[in-house]
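So you can see what is in the structure, the chains are spelled out below.
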There are 2 protein chains.
Amino acid sequence: MGLEGRFDEDAGVIRVGSDARQRYHDSRGYGYPLEGNEIALAPVEAAHLLYRGDLDAVVDSSGNRLNFRSFAAREPGERFGVRFLVYADLRSRGFYLSPAAEPWIDAPPEGPTDFAVFPRGKGPGDGEIEHALRVISERTDVPATDLEDGVLAVVDEESEITYFDVSPRDPTGSSNPDSSLPNNCEADLLTDRVIVWEPPRDLYEATFYGQPLEGREYEEPTLQCSLLEATYLAERDAIDLEVETLRARGEAVEGERFGRRLAVYTELREREIVPKTGYKFGADFRTYADVESVENLGHSELLIRVHPDDHVFEPRDLALDVRLAHGVRKTMVFALVDDGEIEWWSLERLTP
Amino acid sequence: MGLEGRFDEDAGVIRVGSDARQRYHDSRGYGYPLEGNEIALAPVEAAHLLYRGDLDAVVDSSGNRLNFRSFAAREPGERFGVRFLVYADLRSRGFYLSPAAEPWIDAPPEGPTDFAVFPRGKGPGDGEIEHALRVISERTDVPATDLEDGVLAVVDEESEITYFDVSPRDPTGSSNPDSSLPNNCEADLLTDRVIVWEPPRDLYEATFYGQPLEGREYEEPTLQCSLLEATYLAERDAIDLEVETLRARGEAVEGERFGRRLAVYTELREREIVPKTGYKFGADFRTYADVESVENLGHSELLIRVHPDDHVFEPRDLALDVRLAHGVRKTMVFALVDDGEIEWWSLERLTP
């Protein structure tokens, strides 16, 4: 026979007596213990027990007996629906999870976190948290400043759930450094790209700047470079164009985005990672961490999208980027730029 | 021995005499014939012959002898660079192509077209055009109103080229029609989704509305529906919620986008195609043309993104959408909505 809960509206919890502690808390990780055998459940926990038929009803302060339908309809918070769906999904996958708050758990994770998910086979009393989980709807914007190390669960309009592992990232590489750049190669600026006329082969073949112009016999290949590559090379006196002219052209064709992308390009090169355009993947860059020669180029590891640090993500755009990166076996990384300071965050699909 | 061209600056063409007609036009499809053996070349054609070393120089009206580098630096139009790159790329793939204008070709294609590309093995005199080709840089915005049946070549910042086949589309299907919808099923609106309590099984299993709530024993499954599905069902009296309430909620959470998406959802259903959310692919819908039962659901064929008809595309976003769709073996379709009138366009990657 099932039990009934009593809605303690002041505390925002549902209290259940009798053998609830043993039945729901100790053996299945719901709620937190009160005195005796009584426990307190968060609304999402009570809803789940109602939904499963484990709890017969919740009685509110006016004496109404609520079933799952009337309990769900009564819960006012706009996030109750999406939080319930994620709670139920993780339970059905065999995880125990608690609201990320005391007294459900000690030392809750910081930041905007909804649930603490415990390692498989563990519960709230074991002192270990596998994932700090934040739940949003696909219509909830995510300010870049809110990104936290943890898991983001996005519930789409048809109530399917995607989990993203969000992590700070510190990209490093061992590509050939720039110590061997040439000196003042002849170059022409053509609208929004640059031609470098017959530079030393290593500029392309060892350090992977530019793309050779095809279809012509040559001793040394003539290279087409992007404005970013050209500005970076001009700053190091490797080509004979004025840095200011190139920067001005970049800003004319891309606006503020150019400066942000140049900051990211530069920091990647300084970390001995080679950035090349990510256009075909809809990103700013794809990156190669360990270029020794273009002839033996490995797979590019990261796709990088550059944003200002006050950017606000739409979950649908995140889904698109992460899905595409996954499909081409790369990791999606967001570079958030604030006055030249860069924060790096990776987002990857997670199957709990 | 090579020939020299003479820049006719008034006409904007380069005239080449001697045996140029036989050598460049008749056998290799460059330019158009003038009197005698003389031909006229567009700047992009002359540049290509200079680049290949087939033409020794172009002499301008001041008597300067221009080589490829000085000719390219002199060409002022900001689109010369990207047009040249595409021209050279298609030539290197074995195609002949001409400026999409008289007198290079008769009856040039309409709209913003740069080149007429002839079928492999054919030239300008054969009266057949394989592709009407438009060239843009990845930084060129594309207004939706400019989409034309043809090929769009996008040159990225590192001068690599992506070709998109752009076609009007007329999606049709043979999924189970709505004739058997139930009558006024009980349903609750929960923030931005709807629960339909134990409707007839066919609502899900034959016509593929909603998703069953998992993890509970049931006779008839309880369905979660999106606001779009629920509004559509309420308009047909299949669920007992007010249409106006649902529309208002949709507009509250999505703004104007909701009305556009509902127009597209409705037209797809009327065409006997089942739209489901495309969130996981970053799109509005994925579609199933031939649903007989959910149990034997085939692969979804299209990804659909909905835009107002005055939308302006960024090529990078197009690259992202089309790449992702291709990776999951679907076709990317854009639905452009103007007061309920919908235009459908597909974009697919093309390897010439």
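Residues numbered from 1 in each chain as written. Chains lettered and ligands numbered in written order. Predicted model: local features only at pLDDT ≥ 70, side-chain atom pairs only at ≥ 80, totals over all residues. Heavy atoms only, no water.

Chemist: Please provide a residue-by-residue account of the overall build of chain A, values included.
Modeler: Of regular secondary structure, chain A possesses nine helices and 22 strands. For chain A, the C-alpha radius of gyration of 28 Å lies well beyond 20 Å, the compact-globule estimate for 352 residues. Structurally, chain A occupies a C-alpha span of about 90 × 35 × 35 Å along its principal axes. Within the span of chain A, comprising 352 residues, buried residues form 57% of the whole. In chain A, 51% of the contacts between residues at least 6 apart in sequence involve partners at least 24 apart. For chain A, the accessible surface area stands at approximately 14,800 Å², while carbon and sulfur atoms represent 41% of it. Distance between charge centroids for chain A: 7 Å, based on 38 positive and 71 negative side chains. (Helix = DSSP H or I, 4+ residues; strand = E, 2+ residues; numbered from the N terminus. Rg over C-alpha atoms; globule rule 2.2 N^0.38 Å. Buried < 20%, exposed > 50% of the residue type's maximum accessible area, 1.4 Å probe, protein only. Contact = heavy atoms within 4.5 Å. Areas by Shrake-Rupley, 256 points an atom, 1.4 Å probe, with all protein chains shown as cover. Lys, Arg positive; Asp, Glu negative; His and termini not counted. Charge placed at Lys NZ, Arg CZ, Asp CG, Glu CD.)

Chemist: Can you lay out the relation of the copies chain A and chain B for me, pointing to particular residues and giving the numbers?
Modeler: Each copy superposes on the other: chain A lies on chain B with an RMSD of 0.0 Å after a rotation of 180 degrees and an axial shift of 0.0 Å. On this basis, the relationship between the two copies can be described by a two-fold rotation axis. Relative to the rotation axis, the closest C-alpha in chain A is found at Leu 324 of chain A, a distance of 2.8 Å. Taken as a fraction of all interface residues of chain A, those also at the interface in chain B reach 100%, which identifies the copy contact as same-surface. (Least-squares fit on C-alpha atoms with pLDDT ≥ 70 in both.)

Chemist: Please provide a residue-by-residue account of the packing of aromatic side chains, values included.
Modeler: Enumeration over the complete set of coordinates arrives at 32 aromatic pairs over all chains. With a centroid separation of 5.0 Å and 50 degrees between ring planes, the pair formed by Tyr 51 of chain A and Phe 68 of chain A is classed as tilted. One end of the pair, Tyr 51 of chain A, is in helix H2 (residues 43-52); the other, Phe 68 of chain A, is in helix H3 (residues 68-74), and 17 residues separate them in sequence. Its relative accessible area of 6% is what places Phe 68 of chain A among the buried residues. A centroid spacing of 4.8 Å and a plane angle of 85 degrees characterise the contact between Tyr 32 of chain B and Trp 104 of chain B, whose relative ring orientation is edge-to-face. Placement of the pair is Tyr 32 of chain B in strand E3 (residues 32-33) and Trp 104 of chain B in the loop between strand E7 (97-99) and strand E8 (115-117), with a sequence separation of 72 residues. Take Tyr 32 of chain B: its relative accessible area is 14%, and that puts it in the buried class. You can call Trp 104 of chain B buried: its relative accessible area is 13%. An aromatic cluster of three or more residues is present, and its members are Phe 7, Tyr 51, Phe 68, Phe 71, Phe 80 and Phe 84 of chain A together with Trp 197 of chain B. Taking the ring centre of Tyr 30 of chain A as reference, the NZ or CZ of Arg 91 of chain A above it sits at 3.7 Å. (Phe/Tyr/Trp six-rings, centres within 6.5 Å; stacked < 30°, edge-to-face > 60°. Lys NZ or Arg CZ within 6 Å of the ring centre and 35° of its normal.)

Chemist: Hey, could you go over empty space enclosed by the protein for me, with residue numbers and the actual values?
Modeler: Applying the stated criterion across every chain, the model contains seven cavities of 30 Å³ or more. Taken as a whole, the largest cavity spans an internal volume of roughly 160 Å³. In terms of lining residues, the largest cavity is bounded by 17 residues, among which Leu 190 and Ile 195 of chain A together with Gly 81, Phe 84 and Leu 85 of chain B are the most central. Elements with a minimum of two residues in the lining of the largest cavity: strand E14 (193-196) of chain A together with helix H3 (68-74) and helix H4 (80-92) of chain B. The element best represented in the lining of the largest cavity is H4 of chain B, accounting for five residues. Classifying every residue of the lining of the largest cavity by side-chain character gives ten nonpolar, four polar and three charged. In this structure, the second largest cavity occupies an estimated 110 Å³ of space. (1 Å grid on protein atoms, 1.4 Å probe; cavity = no way out; pocket = protein on both sides within 12 Å on 5 of 7 lines; lining within 4 Å. Points joined across faces, edges and corners; volume = space filled by probe spheres on them. Nonpolar A, V, L, I, M, F, W, Y, C, P; charged D, E, K, R; others polar.)

Chemist: An account of the sheet that holds strand E13 (residues 187-190) of chain A is requested, with residue identities and associated values reported.
Modeler: All names here are of chain A. Taken together, the four strands give an open sheet; going across it, the order is E13-E14-E16-E15, and neighbouring strands pair in antiparallel fashion. Taken across any chain shown, the strands that pair with only one partner, and hence form the sheet edges, are E13 and strand E15 (211-212). Sheet analysis places E14 next to strand E16 (residues 223-226), joined by four bridges and oriented antiparallel. Bridging across to E16, Ile 195 finds its partner in Gln 224. (Pairing = 2+ DSSP bridges.)

Chemist: Break down the UniProt feature "domain: tRNA intron endonuclease N-terminal" (unreviewed entry) in chain A for me, with residues and values.
Modeler: Sequence positions flagged by UniProt for "domain: tRNA intron endonuclease N-terminal" (unreviewed entry) are, in local numbering, residues 5-71 and 186-242 of chain A. Between the end C-alpha atoms of residues 5-71 of chain A the distance is 12 Å, and the span holds 31% helix and 30% strand. (UniProt positions renumbered as here; feature names shortened; annotations may be inferred.)

Chemist: Any details on the UniProt feature "active site" (unreviewed entry) in chain A? Residues and values, ideally.
Modeler: Residues and elements named next belong to chain A. Feature annotation in UniProt assigns "active site" (unreviewed entry) to the following positions: Tyr 288, His 299 and Lys 330. Spatially, the listed residues are clustered: although they cover 43 residues, their C-alpha atoms lie within 10.8 Å of one another. For Tyr 288, the location among the structural elements is in strand E18 (residues 285-288). Overall, the relative accessible area of 9% leaves Tyr 288 in the buried class.

Chemist: Break down the interface of chain A and chain B for me, citing the residues and quoting the values.
Modeler: Frequently, the measure chosen for interface size is the accessible area removed from exposure when the parts meet. Counting from both sides, the interface comprises 64 residues of chain A and, opposite them, 64 residues of chain B. Of the roughly 6,000 Å² buried at the junction of chain A and chain B (both faces included), carbon and sulfur atoms supply 48%. Here Arg 139 of chain A ties to Glu 254 of chain B by a salt bridge, and the two come within 3.0 Å at their closest N and O atoms. Tallying contributions element by element places helix H9 (residues 315-327) of chain A first for the side of chain A that touches chain B, with seven residues. Residues belonging to the side of chain A that touches chain B are distributed by class as follows: 26 nonpolar, eleven polar and 27 charged. (Buried area = accessible area lost by both parts, 1.4 Å probe. Salt bridge = Lys/Arg side-chain N within 4 Å of Asp/Glu carboxyl O.)

Chemist: Can you break down the packing of helix H7 (residues 243-254) of chain A against helix H8 (residues 257-270) of chain A residue by residue, with the values?
Modeler: All names here are of chain A. Look at H7 against H8: their axes get within 7 Å of each other, and the N-to-C directions meet at 120 degrees. Between H7 and H8, the interaxial angle falls into the category oblique. In this structure, H7 uses Leu 246, Arg 247, Gly 250, Glu 251 and Glu 254 to contact H8, whose residues at the interface are Arg 257, Phe 258, Arg 261 and Leu 262. (Axes fitted to C-alpha atoms, helices over the stretch in contact; angles between N-to-C directions. Parallel < 35°, antiparallel > 145°, perpendicular 65-115°, else oblique.)

Chemist: Go over the domain arrangement of chain A with me, naming the residues and quoting the values.
Modeler: Along its sequence, chain A is organised into domain 1 (3-137) and domain 2 (176-257). Here domain 1 of chain A and domain 2 of chain A have C-alpha centroids that lie 60 Å from each other. (Domains from an automatic or database assignment.)

Chemist: Help me get a handle on the sheet that holds strand E8 (residues 115-117) of chain A, residues and values and all.
Modeler: Residue and element names in this part refer to chain A. Ordered in space as E7-E8-E9-E11-E12-E22-E21-E19-E18-E17, the ten strands form an open sheet in which the pairing is mixed. The open sheet has two edge strands with one neighbour each: strand E7 (97-99) and strand E17 (274-277). Taken pair by pair, the neighbouring strands of this sheet meet at an average axis angle of 30 degrees, ignoring direction. Relative to strand E9 (residues 131-137), E8 is paired through three bridges, and the arrangement is antiparallel. Paired with Val 117 across the bridge in E9 is His 131.

Chemist: So what's going on with helix H7 (residues 243-254) of chain B? Residues and values would help.
Modeler: Residues and elements named next belong to chain B. When the terminal C-alpha atoms of H7 are compared, their 16 Å separation across twelve residues agrees well with the 16 Å that a helix rising 1.5 Å per residue should span. Of the surrounding elements, those touching the buried residues of H7 are strand E13 (187-190), strand E14 (193-196), helix H6 (227-235) and helix H8 (257-270). Just downstream of H7, Gly 255 is the residue with a positive phi angle, here 65 degrees. (Expected span 1.5 Å × (residues − 1).)

Chemist: Account for the side chain of Thr 266 of chain A, with residues named and values stated.
Modeler: As for its placement among the helices and strands, Thr 266 of chain A is situated in helix H8. Of the residues examined, Thr 266 of chain A reaches a relative accessible area of 15% and is grouped as buried.

Chemist: Break down the pairing of E9 of chain A for me, with residues and values.
Modeler: Residues and elements named next belong to chain A. Across the seven residues that make up E9, a large majority, seven, are buried. Burial along E9 is two-sided: His 131, Leu 133, Val 135 and Ser 137 facing one way and Ala 132, Arg 134 and Ile 136 facing the other are all buried. Here E9 pairs with strand E11 (residues 150-155) via five bridges, running parallel. Among the inter-strand pairings, Ser 137 is bridged to a residue of E11, identified as Val 155.

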